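Residue-level structure breakdown
For reference, the chains in residue letters:
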Amino acid sequence: MEILVCIKRVPDAAENEFELNPAGNDINREDLVYSVNEWDNYAVEEAIQMVDDLGGRVTVVTVGDDDDEEILRREMAMGADNGVLLADDAFKGSDGQGLAAILKAEIGQGDYDLILTGAQADEGAGQVGGMLAAMLDLPYASLVNKIEILDGKTIRVGREIEGGSQEINEIQLPCVLSIQTGINDPRYVGIRGIRKVAKVDIPKKSAADLGLDPAGMGEAGAKTRRVDYFVPDAGGGAEMLEGSTEEIVETLIEKLKANGGL
Amino acid sequence: MTQIFAYIPFKNGSADDIALEYPSAAEKIDAGAGVTAVVTGAGPDLDGVANELTQVYSQVLKIDHGALSYPNAEIVRKALLKVLPADAIILFPHDTFGMDLAPGLSVKMDAAYAADIVDVEGIEGTTLKTVRQELGGAVSTHAAVDLSAGAVMTVRPGAFAPVDAATAQGCVMDKSAEVGDLTAPRKFIEVVEAETGDVDITKSDILVSVGRGIEDEENIEMAEELAAAMGGVVSCSRPIVDAKWMEKSRQVGTSGQTVKPKVYMAMGISGSFQHMGGVKGNPFIVAVNKNPKAPIFQVAEVGILEDILEFMPELSEKIEEMSG
Ligand SMILES: Cc1cc2nc3c(=O)[nH]c(=O)nc-3n(C[C@H](O)[C@H](O)[C@H](O)COP(=O)(O)OP(=O)(O)OC[C@H]3O[C@@H](n4cnc5c(N)ncnc54)[C@H](O)[C@@H]3O)c2cc1C
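Report on the accompanying structure. (Residues numbered from 1 in each chain as written. Chains lettered and ligands numbered in written order. Predicted model: local features only at pLDDT ≥ 70, side-chain atom pairs only at ≥ 80, totals over all residues. Heavy atoms only, no water.)

Structural notes on the overall build of chain A
- Assigned secondary structure in chain A consists of seven helices and 13 strands.
- Oriented by its inertia axes, the alpha-carbon framework of chain A measures out at about 65 × 45 × 40 Å.
- For chain A, the residues scored as buried account for 51% of the 262 residues in total.
- Restricting the contact set of chain A to residue pairs at least 6 apart, pairs at least 24 apart contribute 68%.
- Looking at chain A as shown, the accessible area adds up to about 11,500 Å², and 44% of this sits on carbon and sulfur atoms.
- Once the 24 positive and 50 negative side-chain charges of chain A are each reduced to a mean point, those two points are 5 Å apart. (Helix = DSSP H or I, 4+ residues; strand = E, 2+ residues; numbered from the N terminus. Buried < 20%, exposed > 50% of the residue type's maximum accessible area, 1.4 Å probe, protein only. Contact = heavy atoms within 4.5 Å. Areas by Shrake-Rupley, 256 points an atom, 1.4 Å probe, with all protein chains shown as cover. Lys, Arg positive; Asp, Glu negative; His and termini not counted. Charge placed at Lys NZ, Arg CZ, Asp CG, Glu CD.)

Overview of the environment of glycine 158 of chain A
Residues and elements named next belong to chain A.
- As for its position among the elements, glycine 158 is in strand S8 (residues 154-160).
- Along the primary structure glycine 158 and isoleucine 168 are separated by 10 residues, whereas in three dimensions their C-alpha atoms are 4.5 Å apart.
- Each residue touching glycine 158, except ones within four places of it in the same chain, is listed here: Leu143, Val144, Asn145, Lys146, Gln166, Glu167 and Ile168.

Let's talk about the interface of chain A and chain B
- Across the contact, 79 residues belong to chain A and 77 residues belong to chain B.
- Together chain A and chain B conceal approximately 7,000 Å² of surface at their shared face, both sides included; 55% is due to carbon and sulfur atoms.
- The largest share of the area that chain A buries against chain B comes from Glu162, Lys223 and Phe230 of chain A, three residues that together contribute 9% of it.
- Between arginine 238 of chain B and glutamate 160 of chain A there is a salt bridge; the shortest N-O distance is 2.7 Å.
- Our enumeration of links across chain A and chain B arrives at 46 residue pairs in polar contact (both at pLDDT 80 or more).
- Contributing elements (two or more residues each) for the side of chain A that touches chain B: helix H1 (38-54), helix H4 (128-136), strand S7 (140-149), S8, strand S9 (166-172), strand S12 (224-230), strand S13 (239-241) and helix H7 (245-258) of chain A.
- It is H7 of chain A that provides the largest number of residues to the side of chain A that touches chain B, a total of nine residues.
- Classifying every residue of the side of chain A that touches chain B gives 32 nonpolar, 26 polar and 21 charged. (Buried area = accessible area lost by both parts, 1.4 Å probe. Salt bridge = Lys/Arg side-chain N within 4 Å of Asp/Glu carboxyl O. Polar contact = N/O pair within 3.5 Å; in protein donor to acceptor, adjacent residues only side chain to side chain. Nonpolar A, V, L, I, M, F, W, Y, C, P; charged D, E, K, R; others polar.)

If you want it as structure tokens, here you go:
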């Protein structure tokens, strides 16, 4: 099995308080804590387990810049065999379709049986996997929480649907799947693992290397563009209780009594 | 003139709630546009839903085909491509079906894609200004969508006001003859229903719900104590189930349980829409979170900026003292 996993470095929503930058056109990115998109870790773990069982290789790829090399190394420390960084100023401002087109060009340079993405990333769109599949004319299933290899050509996948039910499908390889959290238990990556891959060569490919014409890529080619960010007012809806913990507990108890909670 | 299509999923013979929400979204996209409901399926269930929808939509486009008896996204996409005009705007719910189908359709239509729209703020020329959220709801953004070659959009369920049924007297257009071959390399096998657990969280009036802020499996005991003191049960957000700290049957949200308690204590939960999508019936929501910008504070009744690991034991103790 040759497996490609598309990954992304994202601001960690649980670790950061987001503020706008002074110009108001972006979030303040200084001092943000970044990590690998949560869903991608499950995708990489799934790929590693499949290759452990069946043989083959796992390649991780990201579209980004030099800062993003760190997540390729992290996933390689987890057990991915190769990393590839797709970086070019022309890629900046790409929408989902633009990103999928860049990834498609990289996939065309390899020979993959299976392509995985996370179900969604920081933008919450959940779009790149499905777009990539359509561009490659390959079958697709999203929100996959179970993969079973039936034979060299067919796999059985479970998709998570509403209410926690699972939709079972059979799909022909090669195909593209987006992976949902909970499918496995992503392994822990220690400092030692990271150190081991610190010096591994990670190829960096530009638009030209991928045979892509920079004109019409990135923001210029995007049909959907983010115009600005805004942060809703803190406590927009809630009455924020203030004071010492003791005072807060007392006020809360009164409110719970009044609302059927005690 | 723009033509807006709204894809209506249905189950057991009745249309998804979003059928009543799309008209408000369409109105905001282009008040002058005609809105056509699209239903695909097979047999009498489909006919029933199509007829029901004529009370909401002036036109209902129906595709009846054996291959569509289960909504396999790859097959539905193929059918839609045969009947939609090249520059159509088509809406799907941003749910597990919409996420499966819509991105690929946008590529095949060579149209713009806009995901998880929560609001629309007007159109300038052919550019539509939409509102969406990122980072689990922590920040909002405006996104400009170029409609000139059509667009595929997913609409967040519950984000647009539902309209009243029985406002239209529409007609059904049968497009079944136009779809031709509908085979795909992805074959639907079956749906496996979720397992039920030891505790039914949907039956409790009081839920102490823990999220990733609980940090460690052992700390769940604190929530158990608080729930016991309050006479409720413990539920959780998804990461707790993913970590295998609690059973799936305790998960609140769109891919978990829908609950309707009187009081919902959100402890260390950020408040993503997939989580809050499972909290119905307007409960009294108390959110305890150490991040003042947590989106849960937008929807909670009462917000408390504290560390749950310190706050929960204090609260439990005080309640026990009171009743003790
Ligand atoms: C298709 C799909 C379906 C999904 N279905 C569901 C679903 O059914 N249910 C669900 O819950 N999620 C679901 N999700 C996941 C959802 O998008 C979020 O990732 C998830 O709800 C986040 O859970 P959380 O709020 O517990 O964690 P986080 O978003 O990580 O939030 C943790 C919060 O705890 C706070 N915190 C941390 N430590 C402390 C402390 N000591 N004291 C106080 N506060 C603290 C942090 O400030 C943060 O706000 C789904 C996602 C997808 C893509």
